[in-house]
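Below are the chains, spelled out letter by letter.
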Amino acid sequence: MLRPVCPLSAIPSGEAYRWDTDPPVAIFHTEDGEIFAIDDTCTHQDASLADGWLEGCEVECPLHASRFDLRTGRADAPPAKKPVRTHRVEVTGGVVHVELSEDPADLPPGAKP
Amino acid sequence: MAGIRVQKVAIVGASLAGLAAARALRRQSFAGEIIAIGAERHQPYDRPPLSKEFLTGAYTEADLALGHDDDLGVVWRLGVAATRLDPRGGSVHLADGEEIRADGVVIATGARARPVEHAGVHTLRTLDDAIALRDDLRRGGRLVVIGAGFIGAEVASSARSLGLDVTVVESLPTPLAGPLGPEMGAVCAALHGDHGVRLLTGVPVTTVTGSDHVEAVELADGTRLPADVVVAGIGAVPNVEWLAGSGLEISGGVVTDANGATGLPAVVATGDCASRDGVRSEHWTHAVEHPATAVATLLGTGAGRPPKAPYFWSDQYGVRIQFAGRREPGDTVRIVEGDPEQRSFLAVYERGGLTTAVLGMSRPKSFTRWRRQLRAAPQEA
Ligand SMILES: Cc1cc2nc3c(=O)[nH]c(=O)nc-3n(C[C@H](O)[C@H](O)[C@H](O)COP(=O)(O)OP(=O)(O)OC[C@H]3O[C@@H](n4cnc5c(N)ncnc54)[C@H](O)[C@@H]3O)c2cc1C
Ligand code: FES
């Protein structure tokens, strides 16, 4: 089910929006104008990927710099090893909609549920 | 043009930078042979948790693995050190007598803990070091940490969380004044006191007593600190002795330019062992990112991504310290957010109206914003 999250204009390109659902989701607006949604919590430790450094189609975790591919959710190098979930995104009528993945989330030990 | 000239690459040093170099070679379409030589018998593993989660027991050995990429097609030669580089013959000589011919060499031999003279005093650089220290800390008692740098502080924090009685001694008047400057060094050092760890500064250690096991650490002012475990975190020395006679310039590390180039065309150096402008960048992120540039130099494919400002982090006492940029003596420091007293703040370093560096304590989001704005230092041509 697609759920409306926020107007696209709320996420300038190159920026991210943290959607406070459970578990939280990060929505990225890349410099190239693409929109991606992934789980916000790094799979290594409790860090918010929306706080990270967006570069192309990758976000670098703000703490230990593992980079996640926004298209696949895969981490390029440790310390994070497990991928984050990716979610389907659609923009209709200027509003970002997200359909949450049915897969189980890979949350790090100690992350707030 | 990648891969035309270079057919076989030897990577010496099979740790973070060595593995990153192997990955970068394949990513940059190098299809030839890669052989990685590592003095440690372990598969590449991650060092930062050694002073943190691994010491406290939150991580096991398996959690340290840097990941196997079976499809990298690398021949690993582990548990044997390289003893000599012969650039004229195009070969690397190993301690077991083997000679490995290669037409490209990536030097990634990193650094080792600066040794201490006294037997029974721990240092921490390798997994084997960490296992030995962890086993000693498990017995509890009194720990004295010599050196209040990042590794010393992290060991103190981990040991404290295990319930040990911890004292940190530092010969400088302010810990971390080198990387962070005196004001911010003092703020970070205050974390010890916050968590019941005694910090003694400005007094050098004169001797460690005890014969088959350590008994006490004695300071220049006569203080005697009884100890069950002693750890020294007094810096690192680059692993470059094996390069003597190779023709490479060695000065506090393998001398390179910004792109990892050495004085020899088929040899590049990267990670903790490389020295540029007299400085070794001994940080995790550098060892992960710079090998791609060094490999591009080796293959002759030119520079990759523009370099970012240097960055490192340290986790102590549940506080996240992050630093990026190049601070120089005399830079002014300004708190732009939060409050050092709360151990949650962001500070920027400035010189002539320009931001030179940024320090965050438990402020990852705004830290990242500031970090992005920092320009990497201008490149020499
Ligand atoms: C306890 C600890 C905690 C750390 N915490 C942090 C942190 O929180 N944040 C941060 O940014 N950085 C941290 N670091 C630094 C970071 O781990 C290093 O920057 C990084 O490991 C450098 O990688 P490297 O591959 O260049 O060198 P190294 O990791 O030193 O690896 C070099 C490898 O080469 C091998 N070798 C040496 N000589 C030879 C030879 N002659 N032949 C073959 N092999 C050889 C060595 O055995 C070693 O395996 C920490 C380091 C330590 C030790
Ligand atoms: S918390 Fe993301 S890499 Fe460590």
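Please read all numbers here as calculations on a predicted model, not as lab measurements.

**Q** Let's hear about the nonpolar core: which residues, and what values?
**A** All names here are of chain B. Core analysis: the largest hydrophobic core is formed by 41 residues, its most contacted members being Leu143, Val166, Leu180 and Leu359. Looking at this core, the element that brings in the most residues is helix 5 (residues 177-194), giving five residues. Residues within four places of Leu180 in sequence aside, it is in contact with Phe150, Gly185, Cys188, Phe312, Phe323, Arg327, Tyr349 and Leu359. Val6, Ala21, Leu72 and Tyr311 belong to the second largest nonpolar core, which has 35 residues in total.

**Q** A description of the interface of chain A and chain B should follow, citing residues and the corresponding values.
**A** Chain A puts 24 residues into the contact, and the matching count from chain B is 26 residues. Contact between chain A and chain B buries roughly 2,100 Å² in total, counting both sides, with carbon and sulfur atoms accounting for 42%. Linking chain A with chain B are four salt bridges. Note that Asp51 of chain A is salt-bridged to Lys365 of chain B, the shortest N-O span being 3.3 Å. Counting across the interface, chain A meets chain B through 12 residue pairs in polar contact (both at pLDDT 80 or more). Mapped onto the side of chain A that touches chain B, the elements with two or more residues apiece are strand 5 (53-55) and strand 6 (58-60) of chain A. Class assignment for the residues of the side of chain A that touches chain B results in nine nonpolar, five polar and 10 charged.

**Q** So what's going on with empty space enclosed by the protein? Residues and values would help.
**A** Within the structure shown, the criterion is met by two cavities of 30 Å³ or more. Taken as a whole, the largest cavity spans an internal volume of roughly 70 Å³. Along the lines of polarity and charge, the residues of the lining of the largest cavity split into five nonpolar, three polar and four charged. Considering only enclosed or pocket space, the second largest cavity measures out at about 30 Å³ in volume. As for the second largest cavity, its lining consists of Ala65, Arg67 and Asp76 of chain A together with Trp284, Thr285, Val288 and Glu289 of chain B.

**Q** Mind laying out the pairing of strand 11 (residues 198-201) of chain B, listing which residues take part and the relevant values?
**A** Residues and elements named next belong to chain B. One ladder, built from four bridges, connects strand 10 (residues 165-170) with strand 11; its direction is parallel. By the bridge assignment, Thr167 is partnered in strand 11 with Arg198. Note that the unit made of strand 10, helix 5 and strand 11 has a crossover that is right-handed.

**Q** An account of the domain arrangement of chain B is requested, with residue identities and associated values reported.
**A** How big an interface is tends to be expressed through the accessible area that disappears when the partners come together. Residues and elements named next belong to chain B. Looking at chain B, the domain boundaries give domain 1 (8-113 + 236-299), domain 2 (121-232) and domain 3 (318-376). Placing a centre on the C-alpha atoms of domain 2 and another on those of domain 3 gives a separation of 26 Å. Contacts between the two partners involve 12 residues from domain 2, matched on the other side by 13 residues from domain 3. Regarding the contact of domain 2 and domain 3, the summed buried area is about 990 Å², with carbon and sulfur atoms giving 70% of it. In this structure, the connection of domain 2 to domain 3 is made through one salt bridge. Salt-bridge contacts for Asp194 lead to Arg343; the nearest nitrogen and oxygen are separated by 2.6 Å. Counting across the domain 2 and domain 3 interface gives five residue pairs in polar contact (both at pLDDT 80 or more).

**Q** How would you summarise the pairing of strand 13 (residues 216-219) of chain B if you had to cite specific residues and measurements?
**A** Residue and element names in this part refer to chain B. The pairing of strand 12 (residues 205-209) with strand 13 spans four bridges and is classified as antiparallel. Bridge pairing in strand 13 places Thr209 opposite Ala216. Here strand 12 folds back onto strand 13 in antiparallel fashion, the turn holding six residues, of which Gly210 has a positive phi close to 115°.

**Q** Break down the site of ligand 1 for me, with residues and values.
**A** All names here are of chain B. Close to ligand 1 lie 33 residues, the nearest being Glu40, Arg47, Lys52, Ala82 and Arg125. At 2.8 Å from an oxygen atom of ligand 1 is found a main-chain nitrogen or oxygen belonging to Asp272. Contact between ligand 1 and Trp313: a nitrogen atom at 2.9 Å from a main-chain N or O atom of the residue. For the shell around ligand 1, the secondary-structure elements that each account for two or more residues are helix 1 (16-27), strand 2 (33-38), helix 4 (150-161), helix 6 (284-299) and strand 21 (311-316). Residue classes in the shell around ligand 1 are distributed as 17 nonpolar, nine polar and seven charged.

About the thresholds
Residues numbered from 1 in each chain as written. Chains lettered and ligands numbered in written order. Predicted model: local features only at pLDDT ≥ 70, side-chain atom pairs only at ≥ 80, totals over all residues. Heavy atoms only, no water. Core = buried A, V, L, I, M, F, W, Y, C linked by side-chain atoms within 4.5 Å. Buried < 20%, exposed > 50% of the residue type's maximum accessible area, 1.4 Å probe, protein only. Helix = DSSP H or I, 4+ residues; strand = E, 2+ residues; numbered from the N terminus. Contact = heavy atoms within 4.5 Å. Buried area = accessible area lost by both parts, 1.4 Å probe. Salt bridge = Lys/Arg side-chain N within 4 Å of Asp/Glu carboxyl O. Polar contact = N/O pair within 3.5 Å; in protein donor to acceptor, adjacent residues only side chain to side chain. Nonpolar A, V, L, I, M, F, W, Y, C, P; charged D, E, K, R; others polar. 1 Å grid on protein atoms, 1.4 Å probe; cavity = no way out; pocket = protein on both sides within 12 Å on 5 of 7 lines; lining within 4 Å. Points joined across faces, edges and corners; volume = space filled by probe spheres on them. Pairing = 2+ DSSP bridges. Right-handed = clockwise from strand over helix to strand, strands pointing away. Domains from an automatic or database assignment. Near = heavy atom within 4 Å.

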